[in-house]
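# Reading the structure
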Amino acid sequence: MAEVKLFGNWGSPFSCRIEIALKLKGVEYEFIEEDVYNDNKSPLLLKYNPVHKKIPVLLHNGKPICESVVILEYIDETWEGPSILPKDPYERAMARFWTKFLEEKCFPPMKQASWSTGEEQEKAKEEATELLKILEGTLSGKKFFGGDSIGMVDIVANFIAHWFIILQEITGLELLTHEKFPKLGQWLDDYLSCSIIKETLPPKDKLTASFQARIQAATTSK
Amino acid sequence: MENKDSTVKLVGFWVSPFVQRVRWALKLKGIEYEYIEEDIFNRSHLLSELNPVHQKVPVLVHNGKPLPESFIILEYIDETWKHNPSLPQDPHERATARFWAKFAEEKLFGAAWIGLCSEDDEQEGAVKSSIEALEKIEEKLKGKNFFGGDRIGYVDIINGWISYMLPIWEEVASMKIYDPMKFPAVTSWISNFREHPVIKEEYLPSKDEMIVYFQWRRKVLKGTYPPMFSNLVKKI
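Residues numbered from 1 in each chain as written. Chains lettered and ligands numbered in written order. Predicted model: local features only at pLDDT ≥ 70, side-chain atom pairs only at ≥ 80, totals over all residues. Heavy atoms only, no water.

## Quick word on a positive patch on the surface
- Together, K53 and K54 of chain A together with K107 and K136 of chain B line one region of the surface with positive charge.
- With respect to the helices and strands, the residue K107 of chain B is situated in helix α4 (residues 91-116). (Patch = residues over 30% accessible without salt bridge, like charges linked within 9 Å, V, L, I, M, F, W, Y side chains within 5 Å. Areas by Shrake-Rupley, 256 points an atom, 1.4 Å probe, with all protein chains shown as cover. Salt bridge = Lys/Arg side-chain N within 4 Å of Asp/Glu carboxyl O. Lys, Arg positive; Asp, Glu negative; His and termini not counted. Charge placed at Lys NZ, Arg CZ, Asp CG, Glu CD. Helix = DSSP H or I, 4+ residues; strand = E, 2+ residues; numbered from the N terminus.)

Here it is in structure tokens:
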């Protein structure tokens with residue numbers, strides 16, 4: 001009997017991606033909570049990801065797979081069910097392109113805009129706005145980045161839909177609004193109303209409290 | 001096996017290691033293509049049209065559709081032309097290959113590039129990180145001819161720059177990352193890679209031209225030289 005375990009953390013957007021993918025495929029798994037934010041990693045995690053010592057790690061039939069995007073591709077190749085990546089090679093390549101764009105280009109300035117202040121924040125906000133405009137453009141005529149249903153780009157964009165939106169609320173940032181980005185706004189609504197997404201995202205109040213605690217700790221340590 | 005396909009174009013820059021990967025991948029599949037040299041310091045409308053988001057090379061154009069980013073192009077090539085697969089068939093082995101390609105790119109290529117463009121403490125830190133990454137790659141290569149085993153594949157193509165470009169960067173920036181005495185498995189891999197019948201026959205930029213080019217880049221990126229020096233941008 002195939003055994004699937006996922007090493008993750010309740011508040012991590014990365015391990016959340018994997019949970020969404022496993023649920024989309026209807027795969028049962030055991031979630032093993034790792035206390036990563038307190039640097040209290042288990043010996044098993046260190047054994048299965050000796051190179052990076054990070055979550056998420058998927059364990060399938062005793063073999064580990066590391067790095068969330070690598071794991072997403074593995075899940076798509078291993079289990080039947082709704083496709084995470086398109087079948088057509090060109091469309092697959094474009095999905096990989098936008099995934100990389102999100103991770104390498106969009107998320108850093110969005111995080112920077114949330115956590116920094118002053119000139120650094122202004123610069124990050126400008127950069128993030130330009131990138132969001134590009135993302136907005138890719139949603140033309142589509143409900144999700146993946147088309148009619150959620151795909152890899154939507155899964156990776158969970159950070160925007162939940163973590164970033166919460167950070168915006170806490171900090172008063174108004175980078176991503178329905179007025180400024182109507183297509184992204186609509187995508188947010190559609191994404192967050194998917195049952196799998198709703199049941200997998202960490203609770204908003206718990207995440208809000210955790211962010212507030214981090215902001216508090218950062219301010220008092222200055 | 002020759003595949004005459006006149007609808008494949010590769011937009012590149014003569015010295016780019018990213019473009020070089022795509023050349024190797026196409027050659028290993030026996031795919032014919034039209035090469036279009038792009039002056040990346042004086043970009044044409046072509047690159048803006050084909051890669052509007054990043055405006056970078058390489059871009060592969062197949063049946064009129066453009067694809068950027070070497071990692072993405074390599075996977076596309078493998079999925080479109082299914083003979084001589086460069087990625088393993090087994091999903092776990094594929095995941096392992098993707099993991100190591102990403103690791104090497106971020107931890108070795110990324111750090112070595114910083115080493116090329118910096119000096120003093122910053123360079124020292126970059127060299128240390130590069131060596132740590134190379135140590136992990138050495139472990140990975142022990143007892144194998146290529147990263148995937150006996151056959152050349154995806155991870156070899158991604159890491160091919162180590163075999164000809166890393167020594168140039170080391171020379172230009174007076175840094176030592178790859179010591180053949182300390183990395184016997186990497187040394188053996190470099191030889192296997194360079195001597196592979198397909199790799200051996202493929203274009204590589206000349207050592208002298210690379211040295212001049214990267215000396216200029218090091219000066220510019222360290223901030224000690226004006227950015228435009230057009231005679232270093234060659235037309236091939």
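## What to know about the packing of helix α1 (residues 13-24) of chain A against helix α3 (residues 68-78) of chain A
All names here are of chain A.
- At a closest axis distance of 10 Å, the pairing of α1 and α3 adopts a crossing angle of 5°. Classified by the angle between their axes, α1 and α3 sit roughly parallel to one another. On the side of α1, the interface is formed by F14, R17, I18, A21 and L22, while α3 contributes S68, V69, I71, L72 and I75.
- Classifying every residue of the contact of α1 with α3 gives 8 nonpolar, 1 polar and 1 charged. (Axes fitted to C-alpha atoms, helices over the stretch in contact; angles between N-to-C directions. Parallel < 35°, antiparallel > 145°, perpendicular 65-115°, else oblique. Contact = heavy atoms within 4.5 Å. Nonpolar A, V, L, I, M, F, W, Y, C, P; charged D, E, K, R; others polar.)

## A look at the pairing of strand β4 (residues 63-66) of chain A
Residue and element names in this part refer to chain A.
- Two strands pair when backbone bridges link them, and strand β3 (residues 57-60) and β4 are joined in this way by 4 bridges, in the antiparallel orientation. When the bridges of β4 are listed, H60 appears paired with K63.
- Between β3 and β4, which follow one another and run antiparallel, lie 2 residues, and N61 among them has a positive phi close to 50°. (Pairing = 2+ DSSP bridges.)

## Comments concerning the nonpolar core
- Formed by 153 residues in total, the largest nonpolar core has its most connected members in L58 of chain A together with W161 and F214 of chain B.
- A per-element tally of this core places helix α4 (residues 89-115) of chain A first, with 12 residues.
- With sequence-adjacent residues up to four places away left out, L58 of chain A is seen in contact with V4, K5, L6, I18, L22, K63, P64, I65, I71, Y74, I75 and W79 of chain A. (Core = buried A, V, L, I, M, F, W, Y, C linked by side-chain atoms within 4.5 Å. Buried < 20%, exposed > 50% of the residue type's maximum accessible area, 1.4 Å probe, protein only.)

## Some details on helix α3 (residues 70-80) of chain B
- With 10 of its 11 residues buried, α3 of chain B lies for the most part within the structure.
- Residues S70, F71, I72, I73, L74, E75, Y76, I77, D78 and E79 of chain B constitute the buried set of α3 of chain B.
- Lining the buried residues of α3 of chain B we find α4 of chain A together with α1 (17-28), β3 (59-62), β4 (65-68), α4 and α6 (154-159) of chain B.

## What about the sheet that holds β4 of chain A?
All names here are of chain A.
- Within the open sheet, the 4 strands sit side by side as β2-β1-β3-β4. Their pairing is mixed. The open sheet has two edge strands with one neighbour each: β2 (30-33) and β4. Mean inter-strand twist for the sheet, computed between neighbouring axes without regard to direction, equals 20°.
- Note that strand β1 (residues 4-8) and β2 share 4 bridges and pair parallel. Of the residues in β2, the one forming a bridge with L6 is F31.
- Across the sheet, α1 is in contact with β1, β2 and β3; its angle to β1 comes to roughly 155°.

## What about the UniProt feature "domain: GST C-terminal" (unreviewed entry) in chain B?
- Sites flagged by UniProt as "domain: GST C-terminal" (unreviewed entry) map to residues 90-214 of chain B.
- Summarising residues 90-214 of chain B: 73% helix, 0% strand, and an end-to-end C-alpha distance of 39 Å. (UniProt positions renumbered as here; feature names shortened; annotations may be inferred.)

## Comments concerning unusual backbone geometry
- Here the residue pair I55 of chain A and P56 of chain A is connected by a cis peptide bond, since its omega of 0° sits within 30 degrees of zero.
- Here P56 of chain A is to be found in the loop between α2 (43-48) and β3.
- Omega for the peptide link from V57 of chain B to P58 of chain B comes to 0°, which places this bond in the cis form.
- Within the secondary structure, P58 of chain B is located in the loop between α2 (45-50) and β3.
- For Q55 of chain B, which is not glycine, the phi torsion reads 55° and is therefore positive.
- Looking at where Q55 of chain B falls in the secondary structure, it is placed in the loop between α2 and β3.

## A closer look at the UniProt feature "domain: GST C-terminal" (unreviewed entry) in chain A
- The sites that UniProt annotates as "domain: GST C-terminal" (unreviewed entry) are residues 88-210 of chain A.
- When the span residues 88-210 of chain A is considered, its composition is 74% helix and 0% strand, and the gap between its end C-alpha atoms is 41 Å.

## Some points on the side chain of R92 of chain A
- Among the secondary structure elements, R92 of chain A is positioned in helix α4.
- Ignoring any residue separated from it by four or fewer positions in sequence, one finds R92 of chain A in contact with E73, L85, P86 and K87 of chain A together with E79 of chain B.

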